[in-house]
Structures are given as structure tokens and as C-alpha cells.
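# Per-entry structural report
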Amino acid sequence: RVLIAEPWDIGPGGYQLGHFPEAFLEWNDRYRDTIRRFWRGDDFMLGPIATALAGSSEVFGGNKTRSVNFIAAHDGFTLADLVAYRRKHNQANGEHNRDGHNENFSWNNGAEGETGDPAVLAARRRDVAGLLSLLFASRGTIMLTAGDEFGRSQQGNNNAYCQDNELTWVDWQARDVELQEHAYRLAQIRRQWPHLTDTRFLDGVAVPGHDFPDVAWLAPSGVPLTTAEWEMKNGGALAMLLVHPHEPDGPRLAVLVNRLDEMCPFVLPDRLDFRWHDLVAERDATLEIECPPRTIMLLGERRTWV
């Protein structure tokens, strides 16, 4: 049995995120807004994005996350519209664009809505791919709305509950197959790597019997982030290095986060008898690797001997 709470309602005391019994998983809108604001480029977001990736311990009590992580849902912008519209476009709903949320933490990559500009379209696809990667790399339960894995649009309508037509129907013929394959690969990686599906909170404490922690937060240079780096106004790059506590001597997983507009070189930690592998591109990786602009990379260690 799975119990899931949508923890907000109208009226005083209606917002109850984090206050449900432990049997419940909870839709986490704070996670949603943190991911959106970080990828949009808001200031002072390096600490919040790490907390979101680690399961949102600031929200949930106990020793494990109950977060239902999502970036878009059945209401609000679709994932594709999130990176294509700075404001809502709900005129078709007949309420003079007064309905729906006004603050969506969205951006349009240089053009509002539909465009034929190949540079804008490429930037949007890259942003959706990055957002999907952040979602699948986060501890907690994933929620993905049908069609968001291949670029479904509602033409900027963020309150389309009243539309039963082409605006809200899932157009399977027009889907972005390349984006769909990316989402499929992310799902495969998440299934193969228990580092991502373990629900216990990451605490950075050394794994029993070993000198390394369950998670290390590294600067692109490969050394732990300093307090000053955590608090950088425009901080946009870090690496999350994960060890699975049930197999502390086994392969580690690295999530490289680069929301910057330029290539970011990362230095990966070396270890005897292991080599790094790019899990998304499915190819070997070097210890010094360049992460493309506004991209999330997932890398796993593989043994060099059997």
C-alpha cells in the first residue's frame, strides 16, 4: 500500500508539507520551486539544490525522505513550457488571463513561446534534459507527468483543467524522440544504481568501518566545497559523490551539476582498480572531464578487473 498526500489546501493551516504521518509520501512543492529557481539562474541556490538532491531533510523528520519529487504536474506549466514562457498565457480559459499561478519561476530562453530559432529551440531542449537529469538524480520518489519526457506543450497555459482538446491531449506523433530516449536512459540508470533510490537522508558521515562519507560535495576542482563556495551568489557548479552504504567498497556514483552558460571542467577522484564511465553517453570517462553548459552528467565507477 502506498499513501501519497498533496499537502496544501485553502484556508488557515491548509499548507501541511512535512506534517503528515510517516506512512505518507508527500508532494514536495518546495523541491519543485528549488529546482526551477536553481536552473533558472537565481542567486544563492547552491546549498538549496544540494539539500533537494539529498532528499529535502529540512522538510521531513525521521531518518529517511518521504518526498515526492516533481518539477511539473498536471496543473501549472508543462516541463517544456517552463523553459519557453516567462509568463502564463491562459486567455483560452475565458478568465482574461487572471486564473492560474503568476509566479512560476520560469524562463523562455530568449523568445516567448513558439519560435523557429534553432538556437532557442536547442537551449530549451538542453534545459529540459538538464531538469529531467536533476529529477532522476534526486533522492525520493519521482513523479513525471505523461508527455513531459518528450516535450509536451500547452502553449503556455498553466491552468488548462478546463481544456479537453488539442491543447491538453498528448500528441504522440509530435513527441521529441531524442528527449524521450534521454528520459528512458535516466530511468535505466536510476534502476541500476541504488545510490539514487536509497531513501535514507545523506549526512556526510563516514560509512562504518571506512574513512569516506556516504556523500561528498565537491567543487569542480575535486576538493570539498568551502563555506565561501557554498555561499557564492552565482554558484552554479558542484559534484555530488555517492557511496552506497550496503556496498561501501563498491562503485561510487558522481552527479556533476553545471547550470553555467559555459563549459565547466571537473576533476573526478581516482581510486585503484576502478575507472569512471559516463552513464548517459555510455562511454568511458577520464579523471578530468568537461561538463557542457547547462548540463547534468551522471558517472559511475567500474572495476578494471573481474
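Now for a quick tour of the structure. (Residues numbered from 1 in each chain as written. Predicted model: local features only at pLDDT ≥ 70, side-chain atom pairs only at ≥ 80, totals over all residues. Heavy atoms only, no water.)

## Remarks on the environment of Ala-5
Keep this limit in mind: Here a strand is any run of E in DSSP of at least two residues, a helix any run of H or I of at least four, and the numbering for each starts at the N terminus. Buried means the residue's accessible area, taken with a 1.4 Å probe over protein chains only, is under 20% of the maximum for its type, while exposed means over 50%, and partly exposed covers the values in between. By definition in these notes, contact holds between two residues if any of their heavy atoms fall within 4.5 Å.
Secondary-structure assignment places Ala-5 in strand S1 (residues 3-5). Judged by relative accessible area, which is 5%, Ala-5 ranks as buried. Setting aside its immediate chain neighbours within four residues, Ala-5 contacts Phe-20, Phe-24, Leu-25, Glu-26 and Trp-27.

## A closer look at the pattern of salt bridges
Rule in force here: For salt bridges, the criterion is a side-chain nitrogen of Lys or Arg within 4 Å of an Asp or Glu carboxyl oxygen.
Per the stated rule, a full pass over the model turns up 16 salt bridges. For Arg-40, the salt bridge identified is with Glu-103, shortest N-O distance 4.0 Å. One end of the pair, Arg-40, is in helix H1 (residues 29-40); the other, Glu-103, is in the loop between helix H3 (79-82) and helix H4 (118-136), and 63 residues separate them in sequence. Among the residues examined, Arg-40 registers a relative accessible area of 30% and is labelled partly exposed. Since its relative accessible area comes to 51%, Glu-103 is described here as exposed. A single salt-bridge network, built from bridges that share partners, covers Arg-37, Arg-40, Asp-42 and Glu-103.

## Some words on the side chain of Asn-157
The following threshold applies: Pairing of N or O atoms within 3.5 Å defines a polar contact, subject to two protein rules: one partner must be a possible hydrogen donor and the other a possible acceptor, and residues neighboring in sequence count only if both atoms are side-chain atoms.
Relative to the elements of secondary structure, Asn-157 occurs in the loop between strand S4 (141-142) and helix H5 (177-192). Under the relative-accessibility criterion, Asn-157 is labelled buried at 1%. At a separation of 3.3 Å, a polar atom in the side chain of Asn-157 contacts the main-chain amide nitrogen of Ala-160. The residues touching Asn-157, leaving out its near neighbours within four places in the chain, are Gly-76, Asp-81, His-89, Asn-90, Asn-93, Gln-163 and Leu-167.

## Digging into the nonpolar core
How we decide: Definition used in this section: a nonpolar core is a set of buried Ala, Val, Leu, Ile, Met, Phe, Trp, Tyr and Cys residues joined via side-chain atoms within 4.5 Å.
Leu-131 and Trp-217 are the most contacted members of the largest nonpolar core, which has 45 residues in total. One finds Ala-216, Leu-218, Phe-266 and Trp-276 within the second-largest nonpolar core, a separate group that totals 16 residues.

## A few points about helix H2 (residues 46-53)
Which entries qualify depends on this criterion: Of all possible arcs, the one meant is that of the directions from the helix axis to the C-beta atoms.
Among all positions of H2, only Leu-46, Ile-49, Ala-50, Ala-52 and Leu-53 are buried. Projection of H2 onto a plane perpendicular to its axis shows the buried side chains occupying an angular sector of 160°, all on one side. The first or second residue beyond H2 is Gly-55, which carries a positive phi of 115°.

## Notes on the environment of Ala-72
Note on placement: Ala-72 falls in the loop between strand S3 (67-69) and H3. It is 7.4 Å that separates the C-alpha atoms of Ala-72 and Arg-32, two residues lying 40 residues apart in sequence. Those residues in contact with Ala-72, other than ones at most four positions away along the chain, are Arg-36, Phe-77, Thr-78, Leu-79, Thr-145 and Asp-148.

## Describing H4
Our working definition: Given the number of residues in a helix, its expected span is that number minus one, multiplied by 1.5 Å.
In this model, H4 (19 residues) spans 27 Å end to end at C-alpha, consistent with the 27 Å of a helix rising 1.5 Å per residue. Residue Asp-117 occupies the N-cap position of H4, its side-chain oxygen lying 2.9 Å from the main-chain nitrogen of Ala-119.

## Brief notes about the state of the cysteines
To keep things clear, this is the line we draw: Any two cysteine sulfur atoms lying within 2.5 Å of each other are counted as a disulfide.
A full pass over the atoms with the stated rule returns zero disulfides. The thiol of Cys-264 is not disulfide-bonded; the next cysteine sulfur, from Cys-291, is found 6.8 Å away. You can call Cys-264 buried: its relative accessible area is 7%.

## As for the sheet that holds strand S12 (residues 295-303)
Going by this rule: Two strands pair if DSSP finds at least two bridges between them. Lines fitted to the C-alpha atoms define the axes, with helices restricted to the stretch that makes contact. Angles between their N-to-C directions range from 0 to 180 degrees.
A sheet is described by the order of its strands in space; here six strands give the open sequence S5-S6-S7-S12-S9-S10, paired in antiparallel fashion. The open sheet has two edge strands with one neighbour each: strand S5 (215-218) and strand S10 (283-285). Within this sheet the neighbouring strands show an average axis-to-axis angle of 30°, counted without direction. The pairing of S5 with strand S6 (residues 237-242) spans four bridges and is classified as antiparallel. Among the inter-strand pairings, Val-215 is bridged to a residue of S6, identified as Leu-242.

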